[in-house]
Amino acid sequence: MENRSYVGDETWNADTLPVGGLAGNQPHHHHNHHHKHHTTVDLKAPQSTTASDEKPPLREKWGRNIEFLLSCVALSVGFGNVWRFPYTAFKNGGGAFVIPYLIVLFIIGRPIYYLEMVLGQFSNRGCVKVYDLAPAMRGIGVGQTVAIFTVITYYASVLAVTLRYLVASFNPELPWAKCDPTWPDCVDSSRLGSIALGPNVTQPKTSADLYFRKTVMHAADSLDDGLGYPDWRLALCLVASWICIVGILIKGIKSSGKVSYFLAIFPYIIIAVLLVRSLTLEGAWTGIKYFFEPQWDKLLTIEVWYEAVTQCFFSLTICFGGLIVYSSFNDFSNNIYRHALIITSLDTVTSLVAGCVVFGVIGHLAHVTGQSDISKVVQSGPALTFITYPDTIAKFDFLPQFFSVLFFFMLFLLGIGTLIGIVTSVITAIHDQRPDIARWKIVISVGLAGFCIGLVYITPGGLIILELLDYYGATLVTITLAVFELLTFAWIYGVNRVCKDIEFMLGIKTGLFWRVCWGIVTPITVLFILLVSLVQYKPQNVPLGYNGESIFCLLFSLGWCLYAFAVLQLPCWAVYAILQKQGLVWWDRCKAVLRPMADWGPEDPTKRSEYGTFIEEYKQQSVTNRTGNLVEKVRRKLFK
């Protein structure tokens, strides 16, 4: 399907209007193919549309390019680098996992990262409005906004738990270092050495474990009595977290840009301090060796590659919309090619360094407890952060409170940095659709909604809800919509068109590597991973006590309903776009809503007019070489 929306190849083609616009058959839109200047004026001149006077002002911009770079670093480097990557790498082959991860980063992560940056900066549109390049696909952006709002609600709750631990770290003695008298079968986390158990003796739990489950989360053994009520301390921490986020975002992108200096740089200072301390602990090198020790047999399993892809998505925060939004606040000629290479490389290095910090600490834990099997020390997800690490810090013989403050302050900053980016994505999606609403009102509304929903996750039964919504509402939705995003950008809009946009915007030619990845390798790989995840689907593990039949069905129905709600945005918005296209026969309507809208291009009217001329010249050069051969069309789509 050749994309010719700026060339009047067909009479309806030049009349592509915004969804909900008037009929596309006004006489003044008809073009003469042999008069390029006249065609461009018809398409681009502000005076040709009655809505031009109502257009919002130009989009606000970052104060400096470095603020954009640091904000992207803060967005991409987050909890996933500290707790998800180390455990995922360990579980899927240790050092061997790094190989598929780097391959996936090279053929999926980096190409998508650069592609989203390009289209966000080129169009100065958010994650929904960017689909003005094919209005029928706008549901992708809406679905991604649903997914990212789901992430926001539970991410902020995890941030609240982090803040709770940060405050507790200032106590004269770490509160999780000693057992509470009411906790049965408990052993102090500050205790050194292993415990000899008899054959019929129950395995005791550490005070750090019980502190997290009983004191912080008040975790319930079952949901027979419902989710329960939120802990008031966590609720206050959740309020404080949202106040920080709203306070940073209330004045727009320039205020968050200024904060990015601190949010992006200071965590690396803390990571450096923790790395030095980790490497000097007894037994640390055993843990780090275990982290990197390759298990080559796992390279042949599909699960390892699936984990590498999902880790890449969440580590770089691609296909969530946040990156498109951040790029949309750039100057039109900003060198995002260099930024994409810097950020993706830095993110990978950060994950590896964080793995060394975490597994150095775990190795020390195994050493002081006499545990020879490090795999029995490692726990996944929040448990790694809120049980294993606090348990180890409690055993430090030198300033445990200081290192606890450092660790949880680093986590808090990483979480804030990521939340700033993803909340900005939701705010921008709403503001792009309703520019008449003051931005500060949207910020406060999103904050209140996020806080209210976030209370669910800090209830005694909230952890299981978090795990379910993370999988169904975030992971599965993101990979599904990523397939359609790549299809839209690479084939409906066209790799050739993207490359011409880059040439117009940056003045550089796009190499063969990017073209092949965008058009073939990346979409096929992501589609394969999606199909494998659906074919090999297994329900999420539900802890014992949550297995009641009615509760089990309710929880998984909730997860699938959220998935369906997000993914079905795509066909619903496609149908809406078609129905809003008046004055055309049915088939022409379908083709029209897969073409860029009349105002697609740079936000500056002068540049958009120049772009119209630039694209038409490109179309005219290739019009004589068009044939009906499928192979030729594919070649033209990718390489022309």
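As annotated in an unreviewed UniProt entry, the chain carries the name Transporter and comes from Anopheles coluzzii. Turning to the chain, the UniProt record has this under Function (unreviewed entry): "Unusual broad substrate spectrum amino acid:sodium cotransporter that promotes absorption of the D isomers of essential amino acids. Neutral amino acids are the preferred substrates, especially methionine and phenylalanine."

(A) Main features of the overall build of the chain. Counting secondary structure elements, the chain contains 22 helices and two strands. When burial is assessed residue by residue, the chain has 57% of its 640 residues classed as buried. Long-range contacts, defined here as pairs at least 24 residues apart, represent 82% of the contacts in the chain between residues at least 6 apart. Counting only carbon and sulfur atoms, one obtains 65% of the accessible surface of the chain, whose full area is about 25,700 Å².

(B) Representation of the UniProt feature "binding site: Na(+)" (unreviewed entry) in the chain. UniProt annotation of "binding site: Na(+)" (unreviewed entry) refers to Val77, Asn81, Ser315 and Leu414 when read in the numbering used here. Maximum C-alpha separation among the annotated residues is 12.1 Å over a sequence range of 338 residues, consistent with a single clustered spot. Tracing the backbone shows Asn81 in helix H3 (residues 79-91). Discounting residues that sit within four places of it in the chain, Asn81 has contacts with Ser76, Pro86, Ser315, Asp347, Thr350, Ser351 and Ala354. Mapped onto the elements, Leu414 comes out in helix H14 (residues 400-433). The exposure class of Leu414 is buried, given its relative accessible area of 4%. What Leu414 contacts, discounting residues up to four positions off in sequence, is Ala74, Val77, Gly78, Val82 and Pro267.

(C) How the structure looks around the pattern of salt bridges. A complete count under the given rule lists 13 salt bridges for this structure. Ionic pairing is found between Glu603 and Lys61, a salt bridge with its closest N-O pair at 2.7 Å. Placement of Glu603 in the loop between helix H20 (586-592) and helix H21 (605-623) and of Lys61 in the loop between helix H1 (36-44) and helix H2 (65-76) is noted, with a sequence separation of 542 residues between them. Comparing Glu603 with Lys61 shows no difference in burial state: the two are buried. For Arg125, the salt bridge identified is with Asp132, shortest N-O distance 2.9 Å. The burial state of Arg125 is the same as that of Asp132; both residues are buried.

(D) Spotlight on the state of the cysteines. Evaluated as defined, the whole model comprises one disulfide. Across a sulfur-sulfur distance of 1.9 Å, Cys179 and Cys186 are joined as a disulfide pair. Residues Cys179 and Cys186 share a disulfide whose torsion about the S-S bond is about -85°; that sign makes it left-handed. Given the relative accessible area of 22%, Cys186 is considered partly exposed.

(E) Main features of helix H16 (residues 462-506). An ideal rise of 1.5 Å per residue puts 66 Å on 45 residues; H16 reaches only 48 Å between its terminal C-alpha atoms. Approximately 95° is the largest bend angle found in H16, and it occurs at Gly494. Across the 45 residues of H16, 37 count as buried, placing the element largely inside the fold. Following H16 by one or two positions, Gly507 has its phi on the positive side, about 75°.

(F) Representation of the packing of aromatic side chains within the structure. The final tally for this structure, using the stated rule, is 46 aromatic pairs. A centroid spacing of 6.5 Å and a plane angle of 80° characterise the contact between Phe85 and Phe291, whose relative ring orientation is edge-to-face. Highlighted residues: Phe85 in helix H3 and Phe291 in helix H9 (residues 284-292), separated in sequence by 206 residues. The same class applies to Phe85 and to Phe291, which are both buried. Taken together, a centroid distance of 5.1 Å and an interplanar angle of 20° make the contact between Phe262 and Phe266 stacked. Within this pair, Phe262 and its partner Phe266 are both found in helix H8 (residues 253-279), separated by four residues, close to a single helical turn.

(G) Region of interest: the environment of Asp501. Mapping Asp501 onto the fold places it in helix H16. A relative accessible area of 0% means that Asp501 is categorised as buried. A C-alpha to C-alpha distance of 8.6 Å links Asp501 and Ile615, two positions 114 residues apart in sequence.

(H) Focus on the packing of H3 against helix H12 (residues 336-369). Put simply, H3 and H12 touch, their axes get as near as 8 Å, and they point 75° apart. Between H3 and H12, the angle is such that the two are roughly perpendicular. In this structure, H3 contributes Asn81, Val82, Phe85, Pro86, Tyr87 and Phe90 to the contact, and H12 contributes Asp347, Thr350, Ser351, Leu352, Ala354, Gly355, Val358 and Phe359. Tallied by class, the residues present in the contact of H3 with H12 amount to nine nonpolar, four polar and one charged.

(I) Quick peek at the side chain of Ser328. Structurally, Ser328 is set in helix H11 (residues 322-328). A polar contact of 2.5 Å, which involves the side chain of Ser328, links it to the backbone oxygen of Val325. Setting aside anything within four residues of it in sequence, one finds Ser328 in contact with Arg59, Lys61, Gly120, Gln121, Asn124 and Arg125.

(J) Main features of a nonpolar patch on the surface. Side chains of Ile265, Ile269, Val273, Phe398, Leu399 and Phe402 sit close together on the surface and give an oily, nonpolar patch of about 530 Å² of accessible area. A per-element tally of the nonpolar patch places H8 first, with three residues. Tracing the backbone shows Ile269 in helix H8. Taking the relative accessible area as the measure of exposure, Ile269 reaches 46% and is therefore partly exposed.

(K) Quick peek at the packing of H2 against H8. At a minimum axis separation of 8 Å, H2 and H8 run at an interaxial angle of 55°. Compared by their axis directions, H2 and H8 come out oblique. In the crossing of H2 with H8, the sense of the turn from one axis to the other is left-handed. Of the residues in H8, those touching H2 at Ile66, Glu67, Leu70, Ser71, Val73 and Ala74 are Lys254, Ser256, Gly257, Lys258, Ser260, Tyr261, Leu263, Ala264, Ile265 and Tyr268.

(L) Fine view of helix H4 (residues 95-123). End to end, H4 covers 41 Å across 29 residues, agreeing with the expected 42 Å (1.5 Å per residue, within 8%). Where H4 bends most, at Leu105, the angle is about 45°. Buried residues dominate H4, accounting for 24 of its 29 residues. Just downstream of H4, Asn124 is the residue with a positive phi angle, here 55°.

(M) A look at unusual backbone geometry. For Cys319, which is not glycine, the phi torsion reads 65° and is therefore positive. Within the secondary structure, Cys319 is located in the loop between helix H10 (302-316) and H11. The exposure class of Cys319 is buried, given its relative accessible area of 1%.

(N) Up close: the side chain of Asn81. Asn81 sits in the buried class, given a relative accessible area of 1%. Of note is the side chain of Asn81, whose polar atom sits 3.3 Å from the side chain of Asp347.

Calculation notes
Residues numbered from 1 in each chain as written. Predicted model: local features only at pLDDT ≥ 70, side-chain atom pairs only at ≥ 80, totals over all residues. Heavy atoms only, no water. UniProt positions renumbered as here; feature names shortened; annotations may be inferred. Helix = DSSP H or I, 4+ residues; strand = E, 2+ residues; numbered from the N terminus. Buried < 20%, exposed > 50% of the residue type's maximum accessible area, 1.4 Å probe, protein only. Contact = heavy atoms within 4.5 Å. Areas by Shrake-Rupley, 256 points an atom, 1.4 Å probe, with all protein chains shown as cover. Salt bridge = Lys/Arg side-chain N within 4 Å of Asp/Glu carboxyl O. Disulfide = S-S within 2.5 Å. Expected span 1.5 Å × (residues − 1). Bend = angle between axes of the 7 residues up to and from the residue. Phe/Tyr/Trp six-rings, centres within 6.5 Å; stacked < 30°, edge-to-face > 60°. Axes fitted to C-alpha atoms, helices over the stretch in contact; angles between N-to-C directions. Parallel < 35°, antiparallel > 145°, perpendicular 65-115°, else oblique. Nonpolar A, V, L, I, M, F, W, Y, C, P; charged D, E, K, R; others polar. Polar contact = N/O pair within 3.5 Å; in protein donor to acceptor, adjacent residues only side chain to side chain. Patch = residues over 30% accessible without salt bridge, like charges linked within 9 Å, V, L, I, M, F, W, Y side chains within 5 Å. Left-handed = near helix turned anticlockwise from the far one by under 90°.

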